[in-house]
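# Architecture and fold: a report
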Amino acid sequence: MITALDHVQLAAPPGSEERLRAFYADALGLGELPKPPVLAARGGCWFGSGSVQLHLGIETDFRPARKAHPGLRVTGIDAFATRLSDHGITVTWDDNLPGHRRFYADDPVGNRLEFLEPVSDGLS
């Protein structure tokens, strides 16, 4: 029986760790998580907030995930979008998911990320 999603891993090209840290830690506000030494030797970075973890693994023949993506639930989506914009990140709004406000943004190596917040229908 599956009980939870432990983490999502995205790929990144060799040598991109500092750009990833600037995006995931500085712009998104995630904390960097320590990698076990045997895995740290492979490069990459892990980030998290609460129970959410994103792992960025180094892939020599890297190609960014353009369609596949993690969906990250946020609170205060307008302020979060402004935070990303203030860091020079392009935010693309999409209103095609009923009951949610959402936008997409790319990380510095081209991986697609979705940010979404449920909206109240006013009936609760």
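Before any of the text, the structure's been laid out above.
In short, a report on the structure. Numbering of residues begins from 1 in every chain and follows the order in which that chain's sequence is written. Side-chain atom pairs in this predicted model are given and counted only at pLDDT of 80 or more, local residue features only at pLDDT of at least 70, and totals for whole chains, interfaces and linings cover all residues. Calculation of side-chain values draws on the structure's entire complement of heavy atoms; hydrogens and water are dropped beforehand.

The next point concerns the overall build of the protein. By definition, any uninterrupted DSSP run of H or I lasting at least four residues is a helix, any uninterrupted run of E lasting at least two residues is a strand, and each is numbered from the N terminus. Of regular secondary structure, the protein possesses three helices and eight strands. Along its sequence from the N terminus, the protein presents helices and strands in the succession β-α-β-α-β-β-β-α-β-β-β. The C-alpha atoms of the protein give 15 Å as radius of gyration, which agrees with the globular expectation for 124 residues (14 Å, within 12%). Along the first, second and third principal axes, the C-alpha set of the protein runs to 50 × 40 × 25 Å. Residue-level accessible areas treat just the shown protein chains as cover; the underlying method is Shrake-Rupley with a 1.4 Å probe. Here the protein displays about 7,500 Å² of accessible surface, and carbon together with sulfur accounts for 53% of that area. A positive count includes Lys and Arg, and a negative count includes Asp and Glu. His and the chain ends are not counted in either. Think of each charge as sitting on NZ of Lys, CZ of Arg, CG of Asp or CD of Glu. Looking at the protein, you have 12 positive and 16 negative side-chain charges, and the mean spots of the two groups are 4 Å apart. We compute the radius of gyration from the C-alpha atoms alone; for a globule the expected value is 2.2 Å times N to the 0.38, where N is the number of residues.

Here the focus is the nonpolar core. We call a set of buried Ala, Val, Leu, Ile, Met, Phe, Trp, Tyr and Cys residues a nonpolar core when their side-chain atoms join them within 4.5 Å. Remark: exposure states derive from per-residue accessible area (1.4 Å probe, protein chains only) relative to the maximum for the residue type, with buried under 20%, exposed over 50%, and partly exposed in between. Within the largest apolar cluster, 27 residues are counted, with the highest numbers of intra-cluster contacts made by Tyr24, Leu28, Leu84, Phe103 and Phe115. For this core, the secondary structure elements donating two or more residues are β1 (8-12), α1 (17-27), β3 (45-49), β4 (52-58), α3 (77-86), β7 (100-106) and β8 (112-118).

Okay, the pattern of salt bridges next. Opposite charge on two side chains lets them pair, provided their charged atoms get close. Counted as salt bridges are all cases of a side-chain nitrogen of Lys or Arg within 4 Å of a carboxyl oxygen of Asp or Glu. For the coordinates displayed, the defined rule picks out seven salt bridges. With a shortest N-O distance of 3.3 Å, Asp94 and Arg102 are connected by a salt bridge.

Turning next to the sheet that holds β8. An order of β5-β8-β7-β6 is seen for the four strands of this open sheet, with the pairing classed as mixed. Lying at the two open borders of the sheet, with one neighbouring strand each, are β5 (71-73) and β6 (92-94). Within this sheet the neighbouring strands show an average axis-to-axis angle of 30 degrees, counted without direction. Two strands make a pair as long as DSSP finds a minimum of two bridges between them. Here β7 runs beside β8; their pairing, made up of seven bridges, is antiparallel. Looking at β8, one finds that Phe103 is bridged to Phe115. We call two residues in contact whenever any of their non-hydrogen atoms come within 4.5 Å of each other. Lines fitted to C-alpha atoms define the axes, with helix axes restricted to the stretch in contact, and inter-axis angles between N-to-C directions lie between 0 and 180 degrees. Those strands touched by α3 are β6, β7 and β8, and its axis lies near 15 degrees from that of β7.

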